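Listed below, chain by chain, are the residues.
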Number of protein chains: 2
Amino acid sequence: MEPSSLRDVSAPGRVADAGEGIGADELALAARNHGLPLEALRYDVTPAGLHYVLVHYDIPEADGEAWRLSVGGSVRTPLDLDLAALRALPAVTRRVTMECAGNGRARLAPRPVSQPWLVEAVGTADWTGTPLRSVLDAAGVGSGAVEAVFTGADHGVERGVEQDYQRALALPVAEDVLLAYAMNGAPLPPQHGYPLRLVVPGWYGMAHVKWLRDITLVDRPFTGFQQTVAYRYRQAPGEPGVPVDRIAPRALLVPPGFPDFMSRTRVVRAGPVRLEGRAWSGHGPVTEVLFSADDGRTWTPTDLAPPDAHPGAWQSWHTEWTAAPGRHVLTARATDASGRTQPLEPPWNRGGFGNNAIQRVRVFSR
Amino acid sequence: MEPSSLRDVSAPGRVADAGEGIGADELALAARNHGLPLEALRYDVTPAGLHYVLVHYDIPEADGEAWRLSVGGSVRTPLDLDLAALRALPAVTRRVTMECAGNGRARLAPRPVSQPWLVEAVGTADWTGTPLRSVLDAAGVGSGAVEAVFTGADHGVERGVEQDYQRALALPVAEDVLLAYAMNGAPLPPQHGYPLRLVVPGWYGMAHVKWLRDITLVDRPFTGFQQTVAYRYRQAPGEPGVPVDRIAPRALLVPPGFPDFMSRTRVVRAGPVRLEGRAWSGHGPVTEVLFSADDGRTWTPTDLAPPDAHPGAWQSWHTEWTAAPGRHVLTARATDASGRTQPLEPPWNRGGFGNNAIQRVRVFSR
C-alpha cells in the first residue's frame, strides 16, 4: 500500500490548541493504560496490577511454552532460546523503579497530544531474570558490534509508520540490563510483557522492551522510529532532538487524609500529620527531598531513607506537618547525587517527555 | 465542621457544556482507574491486572490477618468473623462478568462529569468465597429484616457527603451473592477489595462492595448516598430516579488487525477475517449477537456460544467477515432472553449510567 494511506489513519504528532480539553483519542489511551493510584506509593514493591502500564499497540497473545528469543546479527553464534533455556542461565532479582517518559505530559501547556499522564506513571517491582550479559556471552559479541536492538512482539502503526516495537541500547549500557521473566515472584502479567521483557534500571519505560522476541547486535547505531523519531526532546518538529534516556528526579507524596471523589482534593484533620512518599532518579541516588506546605514558597527538609540494597529503586521519605484549618497545597522536591533537581514549572518539549515538575496536592484541613 | 465547607471541595454533580473537552478532574480519575484493554476480551477469564477497576476514594491499606467482618443489626447472633472463619465456611467459585454502571458515560452528549469511560469498563473473573447465605444462617436473620447493608473500608467525600462506601441489597437478592476472598485462584488484589468483597452476579459494579468490613441487616430500606443519591437513572436533578441495578446487554468485539497508536483505528488485511467477541447481560443469557460492517445499516447473525456452566459470565461469539479495501465501522449488537437489546444511539441520563449503545470499531482495510 501507499504510505499515504496509512497516514490517513495515523496522523503526525500535534500539540493541543490553547484551552483544548482532552480529546477522544487521548481518552481512549487513558482508559487502556493506567497510572499508580497515588495511595499505592505506600507499598515498597508495587503490587503488579497497580504498577503503571503503557502499551503502544495491543498486548500480544503470547504462549510461554512456544516463546522463542532469537539472538543474532553481529554475534559469533546466533541463538534461539526458549524460556527453559533462559531460566537455566544465572538468575538475579532486582528492585527497579520504572517511570513512563511521558509522565507529566498532560500538565504541559500547550499539551502534546498523546497518552495524557498527570504524575502517576510510575511503579516499583522486583524483576527476576537473567542478565543480558549471560546471553551475550553465550552468543559471542562480534568485534564491530556497537548496539543491541531489542524487538517486541507488539505490532502497530505510529505517526504513519508500521512497526514492531523496537529500541536499541549502546553495548556499554546493555551490560547492565536484565531479561526478566518474573515480576514480584510470579510470571510477568500480560500487560507487563509476558513472557519476557527487558529491564533497564534507571531508564524511562520506553527502553524496557516488553514481549521481547529478538535481540540483534548491530555495527552501526539503530535508526528505528522509537529511537530517532519518537522519544526525543525537541522544541520544534524537524529538529533532530536529544534522546530521552535516564529518569529525571522526582518525589511524590502519598496524599494524606481522604479524598473527594471528583476533585481528588484531600480532607485532613487539623493538627500534626505524618506525611510520607517516595523519591527516585535515574541519574543516581536521591540526596535530598524538601517539603513545602505553601505551594513551593517555603521549604523544609524531610527524612530521606538511603538507597540501601536497592540502588535502582525509589527511596522513602517522611516528614511531620502541622495542618492549620484551611486550604493548602503540599509539594515535595527531590535532588539527586548528580545535582539535578525538580523544576517548579514544567519543562516543555514537543513530545511531552521528562516533565518532572513538582507534584501539587490540594488539601483542605479542618 | 459546617457541611458547606466540605461542599467547597466537593461540588455537586454536573453535566459538561456542549463541546467541553475532558477536564483535569475527569482525567485524574481516568489515570487512576482503568478499563479492560479490548484485546483482552480474548481471555475467557480476565487476568486480574486487566480487569476494569473503579475505586471511589482510596484503596484502603488492609491487613488480612487483622481483618474482621462484623455481622449485625437485625440478627439473632451478631458475628465478628476473621478470614479463617470465612474460609472455614462452604466455599464456592463463580465466574462472573462485572461491568461499571458508568461504562459508556464519556460517549454521552452532553457528558455527565465523572469517571469518563468509553466502552471498556468490564471484566470476568473466577471469584471464590462463601455464599452470604452461610453467614446469614449462622447469624440468624431477624423476622423484620428486609435489606442487608454492606460497608466497605474506603472512606471519602462525594458531592459534599462524607461517607464509608455503602450499598444495600434486598434480602431476596442478597441470597445469591458471594463473600469473595479470592480472584482467579489468588488472594484479591488490593484494587479488587483485598481481603474481602461482595460479588453480586448480574449487577453493575457499584453493588459489589469492596474491602467489605460490615454487614448490617435492617428492617427498613437503606437510604444512604450510594443508594438514593448516586446510582439512580434520572433525567433531571432532584428527581427520585430509578435505581441502577442489573447490567444491560452489551456485545464487544475484539478489535481485529493491529492499531494505530493514537487513533486506535485498526489496520486489517483485505480478505476473510475471523472476528470474535464477548456478550453479556444481567437480565438473562444473551440469545443473539448481530454483526454489522457498515456502521449498523445492515446486520448478519453471528455464532454465539451458549452460557454453559457459567451463567453469570459473558458468552463468546464469532463470525467471518470479508474485508474489502477501504474504511469500515464494525459493530455488534446483543439481545438477551428478557428481550432487551442494545440501542444504536446512547440512552441519556444525568448520571451517565447504563449506556449500552453499540460499540463502533473503526477499521482501515488494505
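The coordinates are above.
Everything numeric in this text was worked out from a predicted model, so none of it was measured.

**Q** Explain the interface of chain B and chain A to me, and be specific about the residues and the numbers.
**A** One frequent convention defines the size of an interface as the accessible area lost when the parts assemble. Chain B puts 62 residues into the contact, and the matching count from chain A is 61 residues. A buried area of about 5,500 Å², summed over both sides, lies between chain B and chain A, and 62% of it is on carbon and sulfur atoms. Broken down residue by residue, the surface that chain B buries against chain A is led by Val9(B), Phe261(B) and Met262(B), which jointly contribute 14%. Here chain B is connected to chain A by 8 salt bridges.

**Q** Residue-level account of the pairing of strand 5 (residues 147-158) of chain B, with values.
**A** Residues and elements named next belong to chain B. Buried residues dominate strand 5, accounting for 10 of its 12 residues. Of the strand pairs in this sheet, strand 5 and strand 10 (residues 212-218) are connected by 6 bridges, and their pairing is antiparallel. Note that in strand 10 the partner of Ala148 across the bridge is Leu217. Bridge analysis of strand 5 against strand 6 (residues 161-170) gives 9 bridges, and the strand direction is antiparallel.

**Q** Which residues make up the relation of the copies chain B and chain A, and what values go with them?
**A** The relation between the two copies of this chain is a rotation about an axis and a shift parallel to it. Note on the copies: chain B fits chain A at an RMSD of 0.0 Å, the axial shift is 0.0 Å, and the rotation between them is 180°. One copy is carried onto the other by what is essentially a two-fold rotation axis. Residue by residue, 98% of the interface of chain B is reproduced at the interface of chain A, so both copies engage with the same surface.

**Q** Before we move on, can you summarise the side chain of Thr265(A) with the specific residues and values?
**A** Within the element layout of this structure, Thr265(A) appears in the loop between strand 14 (258-259) and strand 15 (266-268). At 3.0 Å, the side chain of Thr265(A) forms a polar contact with the side chain of Ser263(A). Setting aside chain neighbours within four positions, we find Thr265(A) in contact with Phe258(A), Pro259(A), Asp260(A), Arg362(A), Val363(A), Phe364(A) and Val9(B).

**Q** Could you give an account of the sheet that holds strand 14 (residues 258-259) of chain B, naming the residues involved and the relevant values?
**A** Read across the sheet, 6 strands follow the order 14-15-22-21-17-18 (chain B) without closing on themselves; strand pairing throughout is mixed. Edge positions in the sheet fall to strand 14 and strand 18 (300-301) of chain B, since each of these pairs with one other strand and no more.

**Q** Got a sec to walk through the nonpolar core? Specific residues and values, please.
**A** Core analysis: the biggest nonpolar cluster contains 127 residues, and Leu179(A) and Leu179(B) have the highest contact counts within it. Other than its neighbours up to four places away in sequence, Leu179(A) contacts Leu69(A), Leu86(A), Thr128(A), Gly129(A), Thr130(A), Leu132(A), Val135(A), Leu196(A), Arg197(A), Leu198(A), Leu212(A) and Ile215(A).

**Q** Would you mind going over the packing of aromatic side chains in detail, with residue names and values included?
**A** The relative placement of two aromatic rings is captured by the distance of their centres and the angle of their planes. For the structure on display, the rule yields 6 aromatic pairs over all chains. Taking the centre distance of 6.1 Å and the plane angle of 85° together, the rings of Tyr52(A) and Trp117(A) count as edge-to-face. Highlighted residues: Tyr52(A) in the loop between helix 2 (24-32) and strand 1 (69-73) and Trp117(A) in the loop between strand 3 (92-99) and strand 4 (122-131), separated in sequence by 65 residues. The exposure class assigned to Tyr52(A) is buried, which follows from its relative accessible area of 7%. Aromatic pair Trp280(B) and Trp314(B): ring centres 6.0 Å apart, planes at 55°, arrangement tilted. With Trp280(B) in strand 16 (residues 271-280) and Trp314(B) in the loop between strand 19 (303-304) and strand 20 (315-323), this residue pair connects regions lying 34 residues apart in the sequence.

**Q** Can you lay out the sheet that holds strand 2 (residues 79-81) of chain A for me, pointing to particular residues and giving the numbers?
**A** Residues and elements named next belong to chain A. One open sheet holds the 5 strands; their spatial order is 2-1-10-5-6, and the pairing between them is mixed. With one partner strand each, in any of the chains shown, strand 2 and strand 6 (161-170) form the two edges of the open sheet. The average undirected angle you get between the axes of adjacent strands in this sheet is 25°. Across the sheet, helix 4 (residues 132-139) is in contact with strand 1, strand 2, strand 5 (147-158) and strand 10 (212-218); its angle to strand 2 comes to roughly 135°.

**Q** I'd like a rundown of the pairing of strand 4 (residues 122-131) of chain B, residues and numbers included.
**A** Residue and element names in this part refer to chain B. Judged by how many residues are buried, strand 4 sits mostly within the fold: 9 of 10 residues are covered. Pairing analysis gives 5 bridges linking strand 4 to strand 7 (residues 178-183), with the strands arranged antiparallel. Note on strand 7: the bridge partner recorded for Gly129 is Ala180.

**Q** Can you break down helix 2 (residues 24-32) of chain B residue by residue, with the values?
**A** Among the 9 residues that make up helix 2 of chain B, 7 are buried, leaving the element largely enclosed by the rest of the structure. Check the buried side of helix 2 of chain B and you find it contacts helix 2 of chain A.

Rules behind the numbers
- Residues numbered from 1 in each chain as written.
- Chains lettered and ligands numbered in written order.
- Predicted model: local features only at pLDDT ≥ 70, side-chain atom pairs only at ≥ 80, totals over all residues.
- Heavy atoms only, no water.
- Contact = heavy atoms within 4.5 Å.
- Buried area = accessible area lost by both parts, 1.4 Å probe.
- Salt bridge = Lys/Arg side-chain N within 4 Å of Asp/Glu carboxyl O.
- Buried < 20%, exposed > 50% of the residue type's maximum accessible area, 1.4 Å probe, protein only.
- Helix = DSSP H or I, 4+ residues; strand = E, 2+ residues; numbered from the N terminus.
- Pairing = 2+ DSSP bridges.
- Least-squares fit on C-alpha atoms with pLDDT ≥ 70 in both.
- Polar contact = N/O pair within 3.5 Å; in protein donor to acceptor, adjacent residues only side chain to side chain.
- Core = buried A, V, L, I, M, F, W, Y, C linked by side-chain atoms within 4.5 Å.
- Phe/Tyr/Trp six-rings, centres within 6.5 Å; stacked < 30°, edge-to-face > 60°.
- Axes fitted to C-alpha atoms, helices over the stretch in contact; angles between N-to-C directions.

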